[in-house]
Every structure is written in C-alpha cells, then in structure tokens.
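Coordinate inspection notes
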Amino acid sequence: MLNDMTKTNNTAIIVAAGSGSRLASETPKQYLKLKGVEILAYSVQSFRSHPEIDEVIIVTSENFLEHVSNQHPECKVVKGGETRQDSVFNGLQACSPDTHVILVHDAARPLIPSRVIDRCLASLETYDGVAPALKPVDSMIQLEDTGFKNLQRDNLRIIQTPQCFHIDILRSAHASGKIDTDEMGLVKQSNAQARLGFIEGAPETMKVTRQIDLDIIEKYLDTVEN
Ligand code: C5P
C-alpha cells in the first residue's frame, strides 16, 4: 500500500559512506572540519534539532563506523555500500517500523536551513517525492562532437538534498532493479505515476567538493555568526 497514513515517523538518512576522492585529502570530506566542527556534524545537528524529524540514521564506511557511533551516540549508524544508492538502501533497512517519510541527505552538504526541511515536509502532502532545486545563474551549454549547444537556463535546475519521499515509494524504487545517481532519478525511472515535485533550495546547501567550497562555507558561517 502506498502512503500508509498509520505510520508517523519522519526519518533522515545521512549518507556519509563516500571516499570523497575529488578533494585532495586522506580524510573523506565529510570528516573534515569547518570552524572546528566536522562537516557531518552540521547536518546531523540540523535534523536532530528540527521538531518534525524523529530519527536520524547515518550511513558510513566500515572504517568510520566506530568513530561516527562515538560522535553521534543519539543516531543509528549503519555500514554503507559500494554506491550511494547501496548506502541509501542500507539506511532504509535500518528505519524504524513507524517511518512514514524518508529524507535522504548528502553528508557532504553541511548547511540545510530548517525552512528547506519545512518546505519539503509540507510538499509531501501533495507529492510522493520532493527535492530542493536551484535555478542556475550561469549560462549553460551541452558539449557535442563538433562544438556545443546553448541550453535554455530557465528550464534547468540544480538538484540538492534532502530528497524526501513517502517511504513505500522509495522502497519500491529500490526493489525495482533500476540504478540512478539520486533518489529523484531512481523513483522517476521506476514509477511513471509517481508525483515528483521541487521546492526552492538554498545556495548554502552547496556540496563540498573542492577546497574552495570549504573556504566559502567558512566565510559564510562567519557572516551568519556575527
Ligand atoms: O560522491 P558524491 O559527492 O556524489 O556523494 C554524495 C554523498 O553520497 C556523499 O555524502 C557521500 O558520502 C555519499 N556516498 C555514500 N556511499 C557511497 C558513495 C557516496 O554514502 N558508496
């Protein structure tokens, strides 16, 4: 049965099992520090302090299971998989039986304003799945064999996390055998009837990928703290 209204819990799954190979660091990016605090800890705190989030599950690699369990004793901590999709699947297996809504978040995105969580949860009254999205501000092109073509920027969106779903929709997408890089793509591929929507994301929910992203976020934190 889809959208089982007898279940009430909202569960955040933070995927943190990546190796962060694009940042030249021995330590995966989610364990690097921003103003003395681990990147992962920021999103854990955002979800834990949100009044509508009941449970936080962190998915991490085997090497960091003990570290993450010690740092976040109030969260369930489970082992990740080969791909992001496998890691999300492992998180889904660990959800409490009461879970009604899942919010899948990248640990590499430390800053999630609570208004984004609010908007996602409110939109799930209308949609089966929602994700934060931003309009690109730069011109966009697509490379082709013999050159490039300009894309209509107004029709493009940058998709962020948390990507949020009624749990049964996400579970059936994972059972479908399809593969995708994010949950919106996976649900879309596996269920043509799924009602998927987007809410306005926040620029500060950027994914830490390069050293300059860390520098930008630290500067941003200075401005909001002062
Ligand atoms: O590599 P990328 O930045 O796209 O990863 C997005 C998120 O998925 C990161 O937070 C990363 O830790 C997580 N991930 C995971 N398991 C994997 C690969 C990525 O939890 N096998």
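Use the structure listed above.
This part covers unusual backbone geometry. Cis geometry marks the peptide bond from T161 to P162; its omega dihedral reads 10°. In this structure, K35 is a non-glycine residue whose phi angle is positive, near 50°. Its place among the elements puts K35 in the loop between β2 (33–34) and β3 (37–38).

On to the pattern of salt bridges, then. Taken as a whole and judged by the stated rule, the model has 10 salt bridges. D106 is the salt-bridge partner of R84, the closest N and O atoms lying 2.9 Å from each other. Residue R84 is located in helix α3 (residues 84–93), and its partner D106 is located in strand β6 (residues 99–106); the two are separated by 22 residues in the primary sequence. You can call R84 partly exposed: its relative accessible area is 22%. Here D106 falls in the buried class, since its relative accessible area comes to 9%.

With respect to spatial proximity, 16 residues lie near the ligand, and among them V15, A17, G18, G81 and S87 are the closest. The contact in question runs from an oxygen atom of the ligand to an N or O atom on the backbone of A17, over 2.8 Å. Between the ligand and A108, the relevant distance is 3.4 Å, taken from an oxygen atom to a main-chain nitrogen or oxygen of the residue. In isolation the ligand has 460 Å² of accessible area, and contact with the protein removes 83% of it. Those elements giving two or more residues to the shell around the ligand turn out to be β1 (9–16) and α3.

What counts as what
Residues numbered from 1 in each chain as written. Predicted model: local features only at pLDDT ≥ 70, side-chain atom pairs only at ≥ 80, totals over all residues. Heavy atoms only, no water. Helix = DSSP H or I, 4+ residues; strand = E, 2+ residues; numbered from the N terminus. Salt bridge = Lys/Arg side-chain N within 4 Å of Asp/Glu carboxyl O. Buried < 20%, exposed > 50% of the residue type's maximum accessible area, 1.4 Å probe, protein only. Near = heavy atom within 4 Å. Polar contact = N/O pair within 3.5 Å; in protein donor to acceptor, adjacent residues only side chain to side chain. Areas by Shrake-Rupley, 256 points an atom, 1.4 Å probe, with all protein chains shown as cover.

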